[in-house]
Amino acid sequence: MCRIGAIKSTVPVKPKLALKLMLPQQEGHDSSGFAMVMQDLYGVFADSKEKPLLSMACTARGVQRINEYMDRHGFVQLAQWVPDVVHDQALALQAMPRYVFRTYEYPEIYQYRSQKAREDLLLDTRLALRALLAEEDDGYVYSFWPDVLTLKEIGDPAAIATYFRLWDDDCRLVAKNIVVQCRQNTNYAIVRYAAHPFFLQGYTLCANGENTFFTKNREFQIPLHRGYMGFESDSQTLLYSLHYVLHERQWPIQYFKHIITPLPYEEIQHKNDAPLLMLLRETLANLEINGPNTLIGMLPDGTMINCCDAKKLRPIVIGKTPSCVVISSEVCGINAVIPQRDVGTDIYPTERELITITNDLEITRWKQ
Amino acid sequence: MEAINTQDIATNDLAWKIEYIPERCTLCGSCVAACTFAAIAFVRVDLPHKKTKLLIRQEPSLAHCCVGCGVCEKLCPSQAIRPIANPHSRQHLLTSCSGPARRGGRSNLQRQRTVDALLVGRISQMTDPSLDAERHTFDIKAPLGRILSPDKLPLQRIGDTLTITGKTPPVRWIYPLLFSDMSIGALSTHAWEAIALAVAYLNEVCHIPVRMSSGEGGMPMKLITSDKLKYMILQIASGHFGWDRIIRTIPHMPCDPAGILIKIGQGAKPGDGGLLPESKVEHHIQHIRGVPKTTLHSPPNHQGLYSIEEAVQKMHLSLHAAFGFRVPVAIKCAASSTSVAVYNNLLRDPYNICGGFFLDGVQGGTGAANTVSLDHTGHPIASTLRDCYRAAVAQGLQGQIPLWVGGGIGMTGQAAADAFKLICLGANGVFIGKLLIQLLGCVGNEYGRCNQCSTGQCPTGICTQDYRLMMRLDIDKGAEAIVNYVLTFDSELRKLMAPVGNSSLPVGRADALISTDAAIAKQLGIQYAC
Ligand code: SF4
Ligand code: SF4
Ligand code: SF4
C-alpha cells in the first residue's frame, strides 16, 4: 500500500523534511521508490520562478536529443541543477545515467502570447519530449512548468536521498510546497511514470489506494484532453479529473469532490442545489472513483487539497504549526516532522470533506 | 382388425404424452375440466365379458394436442395423470403442413447464453477491500433520459458556485431492473394488474424505484388519471394502439409518466410486427385500444418512418412536445448486426432528445410470433451491447444515451447475475418480461412447454382474456411473488457489487469480468481465464 504526504510551509524547506515525514511510515510503503514534486522553489531556482523548469531522467543520448529539440523550438536554457550524485554501488537504487533540472526562456514569439498559449506550449513540449525519449527508451520527462520540480526514482528512498545528497544541509533544492510518496506502483510493472505524484499543467496529484473505476475513468478521459494520457497508474485519472474540473471547465474546487465521490441519490434530493448535483452526477458519472483512495492535490497557485473516497477506506491526517501544515497517511510521519504541534488540532478528514490549505496556511474544511 | 393409415396421428407423434395410471384415477373429472386445450377426455372402453370402463384418454389430434402445461397434474388429487415430453415427437413437422406455426414464449433453439460464459473474476481483496453487502450503502440507480456532455451543460459560475442557466433534457433515475412492455391484451387484465400492483408496492413500501412499460395498447383510464402514472413508461408501437385515448387524456393526467418508449422492434421476432389474435380482443381490450373485435396487426415498422434520423425528428420531437419536454423519450429496437449503426445515429442526433436505447436480444419472449421467426431470427444481446458501448466510448459519448438491454434476462433464475454482467459490459440497466409472467405462474419454458400465449387459452390465466381462466390467477399472490423476487434481486446485486468493491453500479467496468471462453473474451474485450 502507498503512503503519501505533503508539506506546505511559509518558509522554504528541504527534501530531507519530506523524507523525515515518509520514513517512519516505511512499514506501509515497501520502500520501492521515491517521488516528489516541489513547487514555489527557492535555492537554485529562486531567480527563475517565472520560467518553465524541465524535470527529467534519461540517458546521455536522451539529453542530446532533448537539447536538439529545445534548440530547434526556440527554447533557451537558463538555470540548471545537476545533482552531484554519490556513486556508491551499495546504494539500493536503479539510477538513470542523467538527471536534468533546468529552466528555459520561452521561445521568442511566446514572450508576447497569452497565458493559455504558453500553457499549451509547455504541455505540448513535454508530450513531444516524452514521445522523443520513448522512441528508443531514452528516459522520462516528468514535468515542464514554471516553479515546479519533479524527482522520481526506483529504489530505497533513503538510498535515493543519499544518491542525490538530499540529506545534506546545503542541499540547494528548497521549496515551500512538497508533495511526496515512497513507492513505485508495484501492483503492476515498475514504470517510473506510474509513480505518483503526477503532474499536468500546474496541477499535481498524489493518491494512494486503488481506483476501482479506473477503466471507466480512463475510457472517458482519453478523448477529453491530449494531456490525459499514459495511464500507467490507476490514480492518474484523479489528476486528470482535477485538471478537467478546475482547468478545463473552470468550475470551483468543491465540484471536484462532488464529481469524484458523488453523494448518494437520496442525499442529493435533500440538498438545495439538488438539480445541479444531479446534473453533474449524471453527466460525469464516468469520473466517479468509487474505490478506496486518499488524495493530495496541489493547484497552480500553491493551494493544497485533500479528500478521500466516499467510504473512507484510506486514512489521512493533517497536522499544523504556525509555519507549516503537514499531510500524511499516518500520524507517525507528522510526529517526526512537527512533534511540537498541538496534536489536539490534528485533522482527520471525513469521507465527505474537502480540505483546502492556502498559501498563508489557512485550512478550510468544506463538507459535501 | 382395423386397416392402418400411416397418416393418422397418434399420441406418440405429439410433443407431449400423457402418462395416466387408471388404477389411481377416481374419475373425479378435474383434469378434463381444467385442460384448456381439450387435450384429454373421458372415453368408455370395452373390457372382456361385455364390461366397459370409463378412462381418460389423450386426444390424438393436433388441434387438441397436449402442451405439457401440467395443469391436470396440478389438480389431480390422486397423482394419476401427468404430461411427459416425447422425444419421438413429429409435431413440428406435422403442424407445418397446415400453414406457418405460431406460438408464444422464447426461442426454443438458442439456449446458449453468453452471460453464462462470464464470471465476476476481479475480486477486491487487498489494496481495494471488498465492501460488506449487508453493512455498506449501495447506490443502485440507472438513468432514463438524454444526458449531455459536460461541455454542453448550461452552467454559469457565479463566485464559488455553479448555477443552472438553461434547460436540460429530462432524466429519471430509476431502478436498473425495468418491467418490460407486455400489453393489456397480450396479458390478461389480472396479470397486468398484478405486475402494476407489484410496481406500486416496490415503490411505495420498499422504496425501490422500479418502472413498468405499458406495452403497446394503452392503459386503463383509472391508471392514466391516477398518480401511479409516474411509475409507468408509455409505449408507442407501430400500431399506435391506445394512443388516441392517451393523447386526449394528457390534460387530465395528475402527473407525468416516467417515460415514453417508442418500440421499433422486438428481440424475439425482429422485423416482425405485433399480433393480437381476435380471440383475445375482448370487449375491454376493444375499449382500451379503441378498436373493433378483430385480429390486430401492428405493422413491422412505423409507417412513415424511413430512417432513424426521421424517427428522431418526427416521433421523438412530437412525443416530447406532447408532454411539454418534461418526459424522457426512448427507443426500443431488436438487437441486430446493425445496432451499432443505429446507436451511432442516435448519439449524433443534434437535438439531444433520445433518452435511451433499449436493445432486445434473441432470447426475449413474445406473446405471439411465427415459430420460424422465434427460432431463427434475432441477435444475441451481449456482443451487441458491448459493441454499442464501445462505439460510444470511441467517440467519448458513453453514458449519454443510456443503454438498456433485455432478452433472456433471468432465464436461469438469477436475473441479478445477468444484470450485473451486462452492466459491466456497458448497460445502464436491464428489462425483463417473460420472467415476470413466470413469477406469476406461467409454466412456459425453452423446452417446448406450453408456449400457447397466442391462443387465448393460457392455462394459468396470464395470457388470456377469458374471464374463467383469468380467475385462476390470484392477483395478490402474483404481485407478492414479483415483489419478493425483486427484493432478492436487490440483495443479490449487492452481493455482486460488494466483492468488486463498488457501491455504485459498475457501468462499463468490463475489467471486473472474465470469460472461460476465449472467443467470447476476445469479442467482448475482457480477460480470458481458464
Ligand atoms: S398437461 Fe396441460 S394440456 Fe396436457 S393434458 Fe394436462 S392440462 Fe391438458
Ligand atoms: S384429476 Fe386425477 S383422479 Fe381426477 S379424473 Fe383426472 S386423473 Fe382421474
Ligand atoms: S402459461 Fe400462459 S403465458 Fe405461460 S406459456 Fe403458457 S400460455 Fe403462455
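Since the structure is predicted, the reported quantities are computational estimates derived from the model, not experimental observations.

Explain the overall build of chain A to me, please; I cannot follow it from the model alone.
Looking only at helices and strands, one finds 11 helices and 17 strands in chain A. Expressed as lengths along the three principal axes of its C-alpha atoms, the size of chain A is roughly 60 × 45 × 40 Å. Across the 368 residues in chain A, those meeting the buried criterion constitute 64%. Restricting the contact set of chain A to residue pairs at least 6 apart, pairs at least 24 apart contribute 73%. Summed over its atoms, the accessible surface of chain A is roughly 13,100 Å², and 50% of this surface lies on carbon and sulfur atoms. A gap of 1 Å separates the mean positions of the 38 positive and 43 negative side-chain charges of chain A.

Honestly, the interface of chain B and chain A in this entry has me stumped. Any pointers?
Interfaces are frequently sized by the accessible area removed from exposure as the parts join. Listed by partner, the interface residues are 39 residues for chain B and 36 residues for chain A. Where chain B abuts chain A, roughly 3,300 Å² becomes buried across the two surfaces, and 58% of that area is made up of carbon and sulfur atoms. When residues of chain B are sorted by the area they lose upon contact with chain A, Thr127(B), Pro150(B) and Leu162(B) head the list and together hold 19% of the total. For the pair chain B and chain A, the number of links is 3 salt bridges.

How should I be thinking about the site of ligand 1 in this particular structure?
Around ligand 1 lies a shell formed by Ile18(B), Cys35(B), Phe37(B), Ile40(B), Cys66(B), Val67(B), Gly68(B), Cys69(B), Gly70(B), Val71(B), Cys72(B) and Pro83(B). Residues that form the shell around ligand 1 fall into these classes: 10 nonpolar, 2 polar and no charged.

Sorry, what's going on with the nonpolar core here?
Nonpolar side chains in soluble globular proteins tend to be buried together. Residues and elements named next belong to chain B. Ranked by size, the top nonpolar core spans 114 residues in total, and within it Phe179, Phe357, Leu422 and Ile462 carry the most contacts. Broken down by element, this core gets its largest block of residues, 9 residues, from helix 15 (residues 475-497). For isoleucine 462, the contacting residues outside a window of four places in its chain are Ala186, Leu187, Ser188, Ala191, Ile437, Leu440, Gly441, Cys442 and Leu473.

It is not clear to me how the site of ligand 3 should be interpreted in this structure. Could you clarify?
Lining the immediate environment of ligand 3, one finds Lys434(B), Cys442(B), Val443(B), Gly444(B), Cys450(B), Asn451(B), Gln452(B), Cys453(B), Cys458(B), Pro459(B), Thr460(B) and Cys463(B). Its residues assigned to classes, the shell around ligand 3 comprises 7 nonpolar, 4 polar and 1 charged.

Looking at this structure, how should I read the pattern of salt bridges?
Close approach of charged atoms allows side chains of opposite charge to pair. One pass over the structure, following the stated rule, counts 43 salt bridges over all chains. Note that Glu105(A) is salt-bridged to Lys51(A), the shortest N-O span being 3.1 Å. You can see Glu105(A) sitting in strand 6 (residues 98-105) and its partner Lys51(A) sitting in the loop between strand 2 (33-43) and strand 3 (52-58), a full 54 residues away along the chain. For Glu105(A), a relative accessible area of 18% puts it in the buried group. Residues Asp227(B) and Lys228(B) are paired through a salt bridge, measuring 3.6 Å at the closest nitrogen-oxygen approach. Accessibility expressed as a relative area gives 39% for Asp227(B), which makes it partly exposed. Among the ionic contacts, a cluster of salt bridges with common partners joins Arg61(A), Arg65(A), Glu135(A), Glu136(A) and Asp138(A).

For this particular structure, what's the right way to read the domain arrangement of chain B?
All names here are of chain B. As far as domains go, chain B holds domain 1 (11-94) and domain 2 (126-528). Measuring from the centre of the C-alpha atoms in domain 1 to the corresponding centre in domain 2 gives 40 Å. Three residues stand out in domain 1 for area buried against domain 2, namely Thr36, Phe37 and Cys69, and they jointly supply 50% of the buried area on that side. At the boundary of domain 1 with domain 2, the tally comes to 0 salt bridges.

Each value, and the rule that gives it
- Residues numbered from 1 in each chain as written.
- Chains lettered and ligands numbered in written order.
- Predicted model: local features only at pLDDT ≥ 70, side-chain atom pairs only at ≥ 80, totals over all residues.
- Heavy atoms only, no water.
- Helix = DSSP H or I, 4+ residues; strand = E, 2+ residues; numbered from the N terminus.
- Buried < 20%, exposed > 50% of the residue type's maximum accessible area, 1.4 Å probe, protein only.
- Contact = heavy atoms within 4.5 Å.
- Areas by Shrake-Rupley, 256 points an atom, 1.4 Å probe, with all protein chains shown as cover.
- Lys, Arg positive; Asp, Glu negative; His and termini not counted.
- Charge placed at Lys NZ, Arg CZ, Asp CG, Glu CD.
- Buried area = accessible area lost by both parts, 1.4 Å probe.
- Salt bridge = Lys/Arg side-chain N within 4 Å of Asp/Glu carboxyl O.
- Near = heavy atom within 4 Å.
- Nonpolar A, V, L, I, M, F, W, Y, C, P; charged D, E, K, R; others polar.
- Core = buried A, V, L, I, M, F, W, Y, C linked by side-chain atoms within 4.5 Å.
- Domains from an automatic or database assignment.

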